[in-house]
Amino acid sequence: MAIELLTAPLPRGSLILGSFSDIEIEREAYRLQEVIKQPVKWGLETCRAIAPLTLEINQLKRENDVFLIAHSYQTPDIIYGVADSVADSYALSKEARDAPQQTILFSSVRFMAETAKIVSPHKVVLHPSPEAGCSLSDGITAQDVRDLKQAYPGVPIACYINTSAAVKAECDVCVTSSNYLRICEKLPGERLIFVPDRFMGKHLQNALAGKKEVVVFDGECEVHAVFTGDKIRSWRKRTADLGMELMVLSHPECDADVLEESDFVGSSEVLMEEALRLASEGKRDLMLITECGTADRVIAESDEELNLIGACVMCRHMKVTQLEDILQALRNPRPEQIVEIGSDVIDRAGHCLDEMFRLAG
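Residues numbered from 1 in each chain as written. Predicted model: local features only at pLDDT ≥ 70, side-chain atom pairs only at ≥ 80, totals over all residues. Heavy atoms only, no water.

(A) Representation of the overall build of the protein chain in the model. Scanning the protein chain from terminus to terminus reveals 15 helices and 12 strands. Its C-alpha radius of gyration of 21 Å places the protein chain within 12% of the 21 Å reference for a compact globule of 361 residues. Dimensions of the protein chain along its principal axes, counting C-alpha atoms only, are 65 × 60 × 30 Å. For the protein chain, buried positions account for 59% of its 361 residues. Nonlocal contacts in the protein chain, meaning residues at least 24 apart in sequence, comprise 66% of its contacts between residues at least 6 apart. Roughly 15,000 Å² of accessible area belongs to the protein chain as shown, and the carbon and sulfur atoms make up 49% of that amount. Here the protein chain contributes 38 positively and 57 negatively charged side chains, and the mean placements of these two sets differ by 2 Å. (Helix = DSSP H or I, 4+ residues; strand = E, 2+ residues; numbered from the N terminus. Rg over C-alpha atoms; globule rule 2.2 N^0.38 Å. Buried < 20%, exposed > 50% of the residue type's maximum accessible area, 1.4 Å probe, protein only. Contact = heavy atoms within 4.5 Å. Areas by Shrake-Rupley, 256 points an atom, 1.4 Å probe, with all protein chains shown as cover. Lys, Arg positive; Asp, Glu negative; His and termini not counted. Charge placed at Lys NZ, Arg CZ, Asp CG, Glu CD.)

Here it is as structure tokens:
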């Protein structure tokens, strides 16, 4: 029943690697294996293979004063090998804004790198994998938002952070999975528009019933849409038959029937914190209803022996970036790896994000 995590991504051989001594590589390999805490999938041979990459990336970061940010869904070699900060979308947007370094490399999907540029327009923002999209972000355009404005004049529009800079520029406030309920409650009037996640929109409709009408756009996260309440009920029965008390922790990008069957709901970072708390209290039979990178982090950051139940659902977009992409972007970034956004879009999208920081408190 244990969760099946992905195999370690081995180097593709696309770059000539820097020269490091056998002692440096061996020391780095042991460090990587120790922090990742998956000795079967991330054995010493695998860690030795990636050690020259992590060593050079960390060296270039120091030499060029680069702040490397990674989302929680990136692979463990990135998160524990080279990242300076790892979190969910809200925390990372603040990290990008407040970091003293003038160059930020964002290991993630495109909309997150764009967000970093919006909040830090004077900084150089590098995105190693410009082709890495997002089913939510790619499912809505600025014109879709303009059409909603025309259909519902004067109604405030809240956009989930999983949107492009162009979409944010058309909206009144941005929200994340950790603050969308709190912010939307504060918006003026008796009606609001929520884009693009229809599942989170449905949660808003339920939470604000009798207070506000919520108009919802029809988008979804292709990862979280896979989960269903029936699947959770099936896993609960199977584990109960074995005398296990399963704790189910779910991301709010899932459908309502999933959340109704869950013991806890929160953003990726909050889910990890709750899983670690439960494990410390002896509740170690856990099901994480989100992208499998969260499970990797829980394993790495827990001191307890965990039993993670169920199947891992991978975000194909988040897993595009590998260490070689990061190293190449640090060595000699291609034009498309340098995030550029027009000043008008930055100004208007920046107001949308500023409102999030203001209303989130």
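(B) Focus on the sheet that holds strand β7 (residues 191-195). What the 4 strands build is an open sheet, ordered β6-β5-β7-β8; its pairing is parallel. The outermost strands of the open sheet, each flanked by one partner alone, are β6 (173-175) and β8 (213-216). Between one strand axis and the next, the sheet turns through 30 degrees on average, direction left out of account. Relative to β7, strand β5 (residues 157-160) runs parallel, the two sharing 3 bridges. Bridging across to β7, Ala 158 finds its partner in Phe 194. Taken strand by strand, helix α15 (residues 343-360) contacts β5 and β6, and its axis lies near 60 degrees from that of β6. (Pairing = 2+ DSSP bridges. Axes fitted to C-alpha atoms, helices over the stretch in contact; angles between N-to-C directions.)

(C) Layout of the packing of helix α4 (residues 89-98) against α15. Look at α4 against α15: their axes get within 12 Å of each other, and the N-to-C directions meet at 110 degrees. Comparing the axis directions of α4 and α15 gives the class roughly perpendicular. Taken as a pair, α4 and α15 cross one another with a handedness that is left-handed. From α4, Tyr 90, Ser 93, Lys 94 and Arg 97 reach across to α15, where they touch Met 356, Phe 357 and Ala 360. The residue inventory of the contact of α4 with α15, partitioned by class, reads 4 nonpolar, 1 polar and 2 charged. (Parallel < 35°, antiparallel > 145°, perpendicular 65-115°, else oblique. Left-handed = near helix turned anticlockwise from the far one by under 90°. Nonpolar A, V, L, I, M, F, W, Y, C, P; charged D, E, K, R; others polar.)

(D) Highlighting helix α5 (residues 110-119). Counted residue by residue, α5 has 9 buried out of 10 residues, so it is predominantly covered. All buried positions along α5 are accounted for by Phe 111, Met 112, Ala 113, Glu 114, Thr 115, Ala 116, Lys 117, Ile 118 and Val 119. Elements in contact with the buried residues of α5: β1 (66-71), α4, β3 (103-107), β4 (124-126), α7 (165-168) and α15.

(E) A look at the pattern of salt bridges. One pass over the full model with this rule turns up 30 salt bridges. A salt bridge links Asp 325 to Arg 12; its shortest N-O distance comes to 2.7 Å. Of this pair, Asp 325 sits in helix α14 (residues 323-331) while Arg 12 sits in the segment before α1 (22-36), and the two are 313 residues apart along the sequence. The exposure class of Asp 325 is buried, given its relative accessible area of 14%. (Salt bridge = Lys/Arg side-chain N within 4 Å of Asp/Glu carboxyl O.)

(F) Local environment of α1. Under the 1.5 Å per step criterion, the end-to-end length of α1 is 21 Å for 15 residues, consistent within 8% with the ideal 21 Å. Within the span of α1, buried status applies to Ile 25, Glu 28, Ala 29, Leu 32 and Ile 36. An end-on view of α1 places all buried positions within 105 degrees of arc, on one side of the element. Exposed and facing more than 90 degrees away from the buried side of α1 are Ile 23, Arg 27 and Glu 34. At its buried positions, α1 is contacted by α2 (44-64), α3 (76-81) and α13 (293-301). Following α1 by one or two positions, Lys 37 adopts a phi angle in the positive range, close to 60 degrees. (Expected span 1.5 Å × (residues − 1). Arc of directions from axis to C-beta.)

(G) Local environment of the pairing of β7. Burial analysis of β7 places 4 of its 5 residues in the buried class, which makes it a mostly covered element. In this view, the connection linking β7 to its parallel neighbour β8 by way of helix α9 (residues 198-207) has right-handed handedness. (Right-handed = clockwise from strand over helix to strand, strands pointing away.)

(H) Inspection of the environment of Ser 268 at higher detail. Structurally, Ser 268 is set in helix α12 (residues 268-280). In the structure, Ser 268 is positioned 63 residues away from Arg 331 in sequence and 31 Å away in space, judged by C-alpha atoms. Residues in contact with Ser 268, not counting those within four places in the same chain, are His 71, Ser 72, Tyr 73, Asp 88, His 251 and Thr 294.

(I) Spatial organisation of the nonpolar core. Phe 194 and Val 195 are the most contacted members of the largest nonpolar core, which totals 78 residues. The contacts of Phe 194, once residues within four sequence positions are left out, are Ala 158, Tyr 160, Val 175, Cys 184, Met 200, Gly 201, Leu 204, Val 214, Val 215, Val 216 and Phe 217. Core analysis: the second largest hydrophobic core is formed by 28 residues, Leu 44, Ile 50, Ala 300 and Leu 323 among them. (Core = buried A, V, L, I, M, F, W, Y, C linked by side-chain atoms within 4.5 Å.)

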